[in-house]
Structure formats: C-alpha cells, structure tokens
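Given next are the chains, with one letter for each unit.
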Amino acid sequence: MSEHNDDGERVPAVVLDYLPNGRPDDDRPQYQKQPIAYAIGVEEFRLFEVTLEEDVSLTITDRFDADRSSDLVSRVRELDYEDLSSAAQPELEHAIRAIVEADERRFVDFYNDAQPITLRLHQLNLLPGIGKKLRNNILEERKRGPFESFEELEERVSGLHNPKEVLVERILEELREDDLKYRTFVRREAQ
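Okay, so let's go over this structure.

## Thoughts on the pattern of salt bridges
Piece 1. All told, the structure shown has 21 salt bridges when counted by the stated rule.
Piece 2. Here Glu 165 ties to Arg 97 by a salt bridge, and the two come within 2.7 Å at their closest N and O atoms. Remark: Arg 97 occurs in helix α1 (residues 88–102) and Glu 165 occurs in helix α5 (residues 163–176); sequence separation between them is 68 residues.
Piece 3. Here Glu 165 falls in the buried class, since its relative accessible area comes to 18%.
Piece 4. Among the residues examined, Arg 97 registers a relative accessible area of 19% and is labelled buried.
Piece 5. Each of the salt bridges in this network shares a partner with another, and the network as a whole consists of Arg 23, Asp 25, Glu 49, Arg 75 and Arg 77.

## Quick notes on the layout of surface pockets
Piece 1. Estimated volume of the largest pocket: approximately 160 Å³.
Piece 2. Taken together, Gly 22, Arg 23, Asp 26, Arg 28, Gln 32, Lys 33, Gln 34, Ile 36, Glu 49, Thr 51 and Arg 75 make up the lining of the largest pocket.

## Overview of the sheet that holds strand β2 (residues 36–41)
Piece 1. Here 5 strands make up an open sheet; going across it, the order is β4-β1-β2-β3-β5 and the pairing antiparallel. Both edges of this open sheet fall to β4 (63–65) and β5 (73–79), since each of them pairs with a single strand only. Each neighbouring strand pair of the sheet contributes to a mean axis angle of 40 degrees, computed without reference to strand direction.
Piece 2. Where strand β3 (residues 47–52) lies against β5, 6 bridges are found, and the strand directions are antiparallel. Bridging from a neighbouring strand, Val 50 pairs with Val 76 of β5.
Piece 3. In the packing of α1 onto the sheet, the strands contacted are β1 (12–19), β2, β3 and β4, and the crossing angle to β1 comes to about 155 degrees.

## Examining empty space enclosed by the protein
Piece 1. In total, this model carries 1 cavity of 30 Å³ or more according to the counting rule given.
Piece 2. Lining the largest cavity we find Phe 45, Arg 46, Leu 47, Glu 78, Leu 79, Asp 80, Tyr 81, Leu 175, Val 186, Arg 187 and Arg 188.
Piece 3. A per-class count over the lining of the largest cavity returns 6 nonpolar, no polar and 5 charged.

What counts, and at which threshold
Residues numbered from 1 in each chain as written. Predicted model: local features only at pLDDT ≥ 70, side-chain atom pairs only at ≥ 80, totals over all residues. Heavy atoms only, no water. Salt bridge = Lys/Arg side-chain N within 4 Å of Asp/Glu carboxyl O. Helix = DSSP H or I, 4+ residues; strand = E, 2+ residues; numbered from the N terminus. Buried < 20%, exposed > 50% of the residue type's maximum accessible area, 1.4 Å probe, protein only. 1 Å grid on protein atoms, 1.4 Å probe; cavity = no way out; pocket = protein on both sides within 12 Å on 5 of 7 lines; lining within 4 Å. Points joined across faces, edges and corners; volume = space filled by probe spheres on them. Pairing = 2+ DSSP bridges. Axes fitted to C-alpha atoms, helices over the stretch in contact; angles between N-to-C directions. Contact = heavy atoms within 4.5 Å. Nonpolar A, V, L, I, M, F, W, Y, C, P; charged D, E, K, R; others polar.

This is the structure we're talking about:
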C-alpha cells in the first residue's frame, strides 16, 4: 500500500515537509530516529511519508524519487490527507499548482480528452464551477481543434476563468474527501 512500484519504476515526488529529526511523536532516542519527508507523487497525486536514509537532507519543493530503489529512501508509506503533518497540509496546494504548471500539456489534454462517465455525467462536470452550459461550450470549442495551453482554453471558452486553478481545486478535493464517487486525478489503493 505504498507509492512505489515493485518493478523498480521511478516514482517522482515533491517534498511537502521535511523532518530531519523524525516524527515528533516518536518516543525513541534521537540517535534511533531517521529523517522523514511528507511528499506528493507527481503522476498520481498520492500522498506518502518517506523515511530517508540517515545522511539525506531535503527541502520543501524538492523533487526526488520516492521509491525503495532510490538511494535516498529506506521506507515508503502511503497516507491520507489527514495523516499529513500540519506543515505539509498548507504546502499541498502550492505543490499541486507547481506540478500542473510544470506539465501544462498533460493537464490541458484533460480538457481535450475528457469523456462522459455516464449518460448524464461528464468528466468535465466533476470540475468545480463547470455545469452543463460551460461543459457544452468546452465540448463545442474542442471540436474546432484541440486546446494548446491554459491561456488558449480561457480565450476560446467564454465563461471558463482560470482553467488551471479549476484543476488544482479538483485535485485538492480528491485528496481531502474520502467519500467521492469519482476520482479523475488521484489514484488510491483499494482500502
């Protein structure tokens, strides 16, 4: 149940919080504690706690491979939003925004490729503030040609303001809410 692949595939992640002296609730003597980092996976937005090797030092926003095949990592444990440290939670929105900005093509393609989920529900309707009318505007515009950037998306679809922030809000919602029926961006292990 951790965000690592047993086949040795890399798991890129962004640091949300770094605790060089281990968790504060760990009662063991200091010399027995290892540094830990709270991080978010770049591909599937999974949250995890990474126990680091002794001489590893990271800072918030650092990118690293959060899998056991990495020389930096000794253990990886998947977390829920509530299990993040109080310092990691406010960093989450900034990290998600940076991930979306760094891979704009991937997230613009969501608007290009989103499909119906059921006869009455479309993936676009899962995004905050997108109702039937705005969804139809997006679908009509993408028939004329694929969107190339967030800026073009905002220019071509009247009523869609800041499409990047809409995605960031949805990803945050998927991370924070346990009882969502549909998840588009965040992958979770079966509980």
